[in-house]
Amino acid sequence: MKLLGRNHIIISVITFVILFLMNYIGNDLPDKLERALMTAFAGVIGLSLGLFILNKGKNDKNPPQNFD
């Protein structure tokens, strides 16, 4: 998956919405909006970093030798 491509943006938006709604609806504290936004942004950033690391080793032309 290309980083910051169409598919990545769609998955990021879906992840943001799911995390935001899970934290906003299930929270009774007065600062539930701030907590939900921070958790959703952190989830999208974590997803992006994970996809970056996964995509980084995908087109490696020099894999390690004798890898078992």
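Keep in mind the model is a prediction, meaning the values are calculated, not measured. (Residues numbered from 1 in each chain as written. Predicted model: local features only at pLDDT ≥ 70, side-chain atom pairs only at ≥ 80, totals over all residues. Heavy atoms only, no water.)

**Digging into the packing of aromatic side chains**
Line of reasoning, step 1. Using the criterion set out here, one finds three aromatic pairs in the structure.
Line of reasoning, step 2. Taken together, a centroid distance of 6.2 Å and an interplanar angle of 10° make the contact between Phe-16 and Phe-20 stacked. Pair noted here: Phe-16 and Phe-20 are both in helix α1 (residues 6–25), with a separation of four residues, about one helical turn.
Line of reasoning, step 3. Owing to a relative accessible area of 23%, Phe-16 belongs among the partly exposed residues under this scheme.
Line of reasoning, step 4. Taking relative accessible area as the criterion, Phe-20 reaches 18% and is therefore assigned buried.
Line of reasoning, step 5. Every member of this aromatic cluster is reached through a ring pair, and the members are Phe-16, Phe-20, Tyr-24 and Phe-41.
Line of reasoning, step 6. It is Lys-32 that lies over the ring of Tyr-24; its NZ or CZ is 4.6 Å from the centre. (Phe/Tyr/Trp six-rings, centres within 6.5 Å; stacked < 30°, edge-to-face > 60°. Helix = DSSP H or I, 4+ residues; strand = E, 2+ residues; numbered from the N terminus. Buried < 20%, exposed > 50% of the residue type's maximum accessible area, 1.4 Å probe, protein only. Lys NZ or Arg CZ within 6 Å of the ring centre and 35° of its normal.)

**Digging into the UniProt feature "transmembrane region" (unreviewed entry) in the protein**
Line of reasoning, step 1. Here the UniProt feature "transmembrane region" (unreviewed entry) sits at residues 7–25 and 37–54.
Line of reasoning, step 2. Spanning residues 7–25, this segment combines 100% helix with 0% strand, and its end C-alpha atoms are found 27 Å apart.
Line of reasoning, step 3. For residues 37–54, helix accounts for 100% and strand for 0%, while the C-alpha atoms at its two ends are 26 Å apart. (UniProt positions renumbered as here; feature names shortened; annotations may be inferred.)

**Here we look at a nonpolar patch on the surface**
Line of reasoning, step 1. A cluster of nonpolar residues, Ile-9, Val-13, Val-17, Leu-21, Tyr-24, Ile-25, Leu-33, Leu-37, Phe-41, Ile-45 and Leu-49, forms a patch on the protein surface that exposes about 990 Å² of accessible area.
Line of reasoning, step 2. Counting only elements with at least two residues in the nonpolar patch, the list comes to α1 and α2 (32–56).
Line of reasoning, step 3. Among the elements that take part in the nonpolar patch, α1 stands out by supplying six residues, more than any other.
Line of reasoning, step 4. Looking at Leu-21, the relative accessible area reads 40%, which means it is partly exposed. (Patch = residues over 30% accessible without salt bridge, like charges linked within 9 Å, V, L, I, M, F, W, Y side chains within 5 Å. Areas by Shrake-Rupley, 256 points an atom, 1.4 Å probe, with all protein chains shown as cover. Salt bridge = Lys/Arg side-chain N within 4 Å of Asp/Glu carboxyl O.)

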